[in-house]
Amino acid sequence: MVPVVVGRSKSQRKVRRKMKQRRKQRRLDIQKIVVKIHKITPRYCDLTLLLAVLGLTTFGIFMIYSASHYNATVYYDDPFYYTVKQLIGLVMGVIGIGVMYFIDYHTWQKLAYLIFGTAVLLLVVVFIPGIGINKLGATRWVGVGSFSLQPSEIAKFAFVIFAAKIFALQPKVKTVMQATGTETSSIKVTDRLPAPRWWQIIAVLAAGGLLCLLIILEPNMSITMTVGIIMLVVLFLCGVRLKTLALILLPALAAVAVMLVAEPYRLKRLSAFIDPWANPKGEGFQLIQSLYGIANGGFWGVGYGNSVQKNMFLPFAESDFIFAIIAEEFGLIGCLGLFAVFGLIIYKIFRIGTQCRDYFGRYLCFGIGTVIMVQAGLNFAVSTGCIPPTGLPLPFISFGGTSLLVFMMAIGIVLNVDKQNKKMLS
């Protein structure tokens, strides 16, 4: 029996042709979408650094809600009071990263003196009645209507830009042409940084000393100490010899002693650090509650949103002592993960600085990395009782719109340094 071969009808062939055409059209559409994404995505962006920062800030939003919703409900009848404000800061920070990424970082070298002068002016404006905002016995904010700004947060990075500008004034070396058409000095990754000249060291010390003086008058000893430590670390990273640093450190320590004696409450804080249980309902209260929270977290933590200390036991749980809430809710494992993310961010910033082929970009990255490293380290140390209690926010996580915006803009500058360097090498 001969098998009968049934051929495809014309309608079936048309249907198959249409299906093939649709598949081809879909492939073309996907290719177009991929091409558009590549056009939108920055070609030289360090995604590891960017995602780490965005991940940390997003985690910070959740932690601020967890740490503040009870207090916000009690005082403002709105559990999202602090969270919404921080979300606004995050949106502005993301915009700030984008803007800074697309501005050539050499622009900040040209505007360094203007930026530093503006920071000094803002610190002076703080003391003008009607503009400066007084909270908890300190005038640290500038406000107009509902808008407020903390100039000391800007001053830290203004100092870094100023110091990078001064130390970058080195003898002329081989120059290369940037993609922007500007000439800049070319140095190798392995090149040893030249020792700064005496006038450069004096200029940087004078600038840092001026900022410290204005900030301590607010008064704000925590930021004063932070700027002082940043100044010393930047001097070291920019090539100042250890002998010179030792000579600078001696008067700095004497100044710290004078500041402690000048205000009685600072001595009380020092005594609370030495023995917080000597005055558990007074100066030692905040540190004791922070240690209770960290101890309660144990190895695995009590779980997100289950902290006890945030329920009006630990003051400033959403800002200066947010690390204690993180330790309580996520335990030792969560703390180690947080340390790892901060370590990655700091490593990437210093790595980008080391690979930069001009002095200003290298010093700028070193300075920004130093600010994040010093401030995060001090916040961890305060929360765990390693140093005397002082008010200092945790970068990218603690509540504070000015702090979040300025730190994210600084990351945008670092990303631009990386982009310019990759463009030059490609």
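In this text the structure is predicted, and so the values were computed from the model without any measurement.

A. View of the overall build of the chain. Looking only at helices and strands, one finds 14 helices and five strands in the chain. Expressed as a percentage of the 426 residues in the chain, the buried residues total 45%. Within the chain, counting contacts between residues at least 6 apart in sequence, those at least 24 apart form 73% of the total. As presented, the chain carries roughly 22000 Å² of accessible surface, and 67% of it is formed by carbon and sulfur atoms.

B. Focus on the environment of Ile274. Looking at the element boundaries, Ile274 is found in helix α10 (residues 264-274). Note: C-alpha distance between Ile274 and Gly385 (111 residues apart in sequence) is 9.1 Å.

C. Broad picture of the packing of helix α7 (residues 198-216) against helix α8 (residues 221-237). Two numbers describe how α7 lies on α8: the axes approach to 8 Å, and their chain directions differ by 170°. The angle between the axes of α7 and α8 places the two elements in the roughly antiparallel class. Note on element contacts: α8 touches α7 through Met221, Ile223, Thr224, Val227, Gly228, Met231 and Leu235, opposite Val204, Leu205, Gly208, Gly209, Leu211, Cys212, Ile215 and Ile216. The class makeup of the residues in the contact of α7 with α8 is eleven nonpolar, four polar and no charged.

D. Geometry of a nonpolar patch on the surface. Taken together, Phe299, Trp300, Leu332, Ile333, Leu336 and Phe339 make up a surface patch of nonpolar side chains, about 620 Å² in accessible area. Take Leu336: it is sitting in helix α12 (residues 322-355).

E. Just the packing of aromatic side chains, in detail. In the structure shown here, the tally under the stated rule is 21 aromatic pairs. Here the aromatic rings of Tyr65 and Phe80 are separated by 5.1 Å at their centres, their planes lie at 20°, and the arrangement is stacked. Of this pair, Tyr65 sits in helix α2 (residues 47-76) while Phe80 sits in the loop between α2 and α3 (81-102); the two residues are 15 residues apart in sequence, bridging distant segments of the chain. Both rings, one in Tyr101 and one in Phe102, keep their centres 5.0 Å apart while their planes meet at 85°; by these two values the pair is edge-to-face. For Tyr101, a relative accessible area of 4% puts it in the buried group. Through a chain of ring-to-ring contacts, three or more aromatic side chains come together here, namely Tyr76, Tyr81, Tyr82 and Phe399. Positioned over the ring face of Tyr101 is Lys419, at 4.4 Å from the centre of the ring.

F. Main features of the nonpolar core. Counting 100 residues, the largest nonpolar core has Phe342 and Ile368 as its most contacted members. Setting aside its immediate chain neighbours within four residues, Phe342 contacts Leu56, Ile372, Ala376, Phe380, Leu394, Pro395, Phe396 and Ile397.

G. Main features of unusual backbone geometry. In this chain, Glu218 is followed by Pro219 through a cis amide linkage whose omega measures -5°. Of note in this structure, Asp77 is not a glycine but carries a positive phi near 55°. Of note, Asp77 is situated in the loop between α2 and α3. Residue Asp77 is classed as exposed on the basis of its relative accessible area of 68%.

H. Fine view of α3. Its 22 residues give α3 an end-to-end C-alpha distance of 33 Å, which sits within 8% of 32 Å, the value for a rise of 1.5 Å per residue. If you check which residues of α3 are buried, you get Tyr82, Thr83, Gln86, Gly89, Leu90, Gly93, Gly96, Ile97, Met100 and Tyr101. In a view along the axis of α3, the buried residues occupy a sector of 130°, so they form one face of it. Of the exposed residues in α3, those oriented more than 90 degrees away from the buried face are Val91, Ile95 and Phe102. On its buried side, α3 packs onto α2, α4 (106-110) and α14 (401-425).

I. Representation of the pattern of salt bridges within the structure. Considering all chains together, one arrives at four salt bridges under this definition. The partner of Lys422 in a salt bridge is Asp418, and the shortest N-O contact between them spans 3.0 Å. With Lys422 and Asp418 both in helix α14 and four residues apart, the pair spans about one turn of that helix. Look at Lys422 and you get partly exposed, because its relative accessible area is 34%.

J. The arrangement of the environment of Met408 in detail. Position of Met408 among the secondary structure elements: in helix α14. Considering only alpha carbons, one finds Met408 and Ile97, 311 residues apart in sequence, at a separation of 5.8 Å. With residues up to four places along the chain from it excluded, the contact list for Met408 reads Leu54, Thr57, Leu90, Gly93, Val94, Ile97 and Phe396.

K. Quick peek at a positive patch on the surface. A cluster of basic residues, Arg13, Lys14, Arg16, Arg17, Lys18, Lys20, Arg22 and Arg23, forms a positive patch at the surface. Within the secondary structure layout, Arg23 lies in helix α1 (residues 10-40).

L. Representation of the confidence of the model for the chain in the model. Taken residue by residue, the chain gives an average pLDDT of 86. The fraction at 70 or more is 86%. Strand β4 (residues 175-177) is the least confidently modelled element of the chain, averaging 47 in pLDDT, while α12 averages 96, the highest of any element. Below pLDDT 50 for its whole length, residues 173-183 participates in 25 contacts with residues either more than four positions away or in separate chains.

M. Main features of the side chain of Asp104. Note that Asp104 resides in the loop between α3 and α4. Buried within the structure, Asp104 lacks any salt-bridge partner; its nearest side chain of opposite charge belongs to Lys110, at an N-O separation of 6.7 Å.

N. Summary view of helix α11 (residues 285-297). Here α11 spans 19 Å end to end across 13 residues, near enough to the 18 Å set by a 1.5 Å rise per residue. Those residues of α11 that sit buried are Gln286, Leu287, Ile288, Gln289, Ser290, Gly293 and Gly297. Considering only its buried residues, α11 is in contact with α10, α12 and α13 (359-383). Backbone geometry just downstream of α11 places Gly298 in the positive-phi region, at approximately 60°.

What counts and what doesn't
- Position labels on residues start from 1 in each chain and follow its written sequence.
- Only residues with pLDDT of 70 or above have their local features reported here, since the model is predicted, and side-chain atom pairs are shown and tallied only from 80 upward, although totals for entire chains, interfaces and linings are computed over all residues.
- Heavy atoms from the whole structure form the basis of all side-chain values; hydrogens and water molecules are not counted.
- What counts as a helix is a DSSP run of H or I of at least four residues, what counts as a strand is a run of E of at least two, and both are numbered from the N terminus.
- For each residue, the accessible area found with a 1.4 Å probe, counting protein chains only, is set against the maximum for its type, and the residue is called buried under 20%, exposed over 50%, and partly exposed in between.
- Contact criterion: two residues are considered in contact whenever any of their non-hydrogen atoms come within 4.5 Å of each other.
- The accessible surface values rely on the Shrake-Rupley method and a 1.4 Å probe; as for residues, cover is taken only from the protein chains in view.
- Convention adopted: a line fitted to C-alpha atoms gives each axis, helices being fitted over their contacting stretch, and angles between N-to-C directions are expressed from 0 to 180 degrees.
- Relative orientations are named as follows: roughly parallel for angles under 35 degrees, roughly antiparallel for angles over 145 degrees, roughly perpendicular for angles from 65 to 115 degrees, and oblique for any other angle.
- Three categories are distinguished: nonpolar for Ala, Val, Leu, Ile, Met, Phe, Trp, Tyr, Cys and Pro, charged for Asp, Glu, Lys and Arg, and polar for the others, with Gly belonging to the last.
- Each patch is built from residues lacking any salt bridge and having more than 30% relative accessible area; the joining distance is 9 Å for like charges and 5 Å for nonpolar side chains (Val, Leu, Ile, Met, Phe, Trp, Tyr).
- By salt bridge we mean one thing: a side-chain nitrogen of Lys or Arg within 4 Å of a carboxyl oxygen of Asp or Glu.
- Side-chain rings of Phe, Tyr and Trp, where Trp is taken by its six-membered ring, are said to pair if the distance between their centres is within 6.5 Å; with planes under 30 degrees apart they count as stacked, over 60 as edge-to-face, and otherwise as tilted.
- Two conditions define a charge located above a ring, namely a distance within 6 Å from the ring centre to NZ of Lys or CZ of Arg, and an angle within 35 degrees of the ring normal.
- Only buried Ala, Val, Leu, Ile, Met, Phe, Trp, Tyr and Cys residues count toward a nonpolar core, and they belong to the same one when joined by side-chain atoms within 4.5 Å.
- Expected span of a helix, by definition, is 1.5 Å for each gap between consecutive residues, and there is one gap fewer than residues.
- An arc is given here, and it is the one of the directions from the helix axis to the C-beta atoms.
- Positive: Lys, Arg. Negative: Asp, Glu. His and the chain ends are not part of the count.
- Charged groups are reduced to one reference atom each: NZ for lysine, CZ for arginine, CG for aspartic acid, CD for glutamic acid.
- pLDDT expresses, on a scale from 0 to 100, how confident the predictor is about each individual residue.

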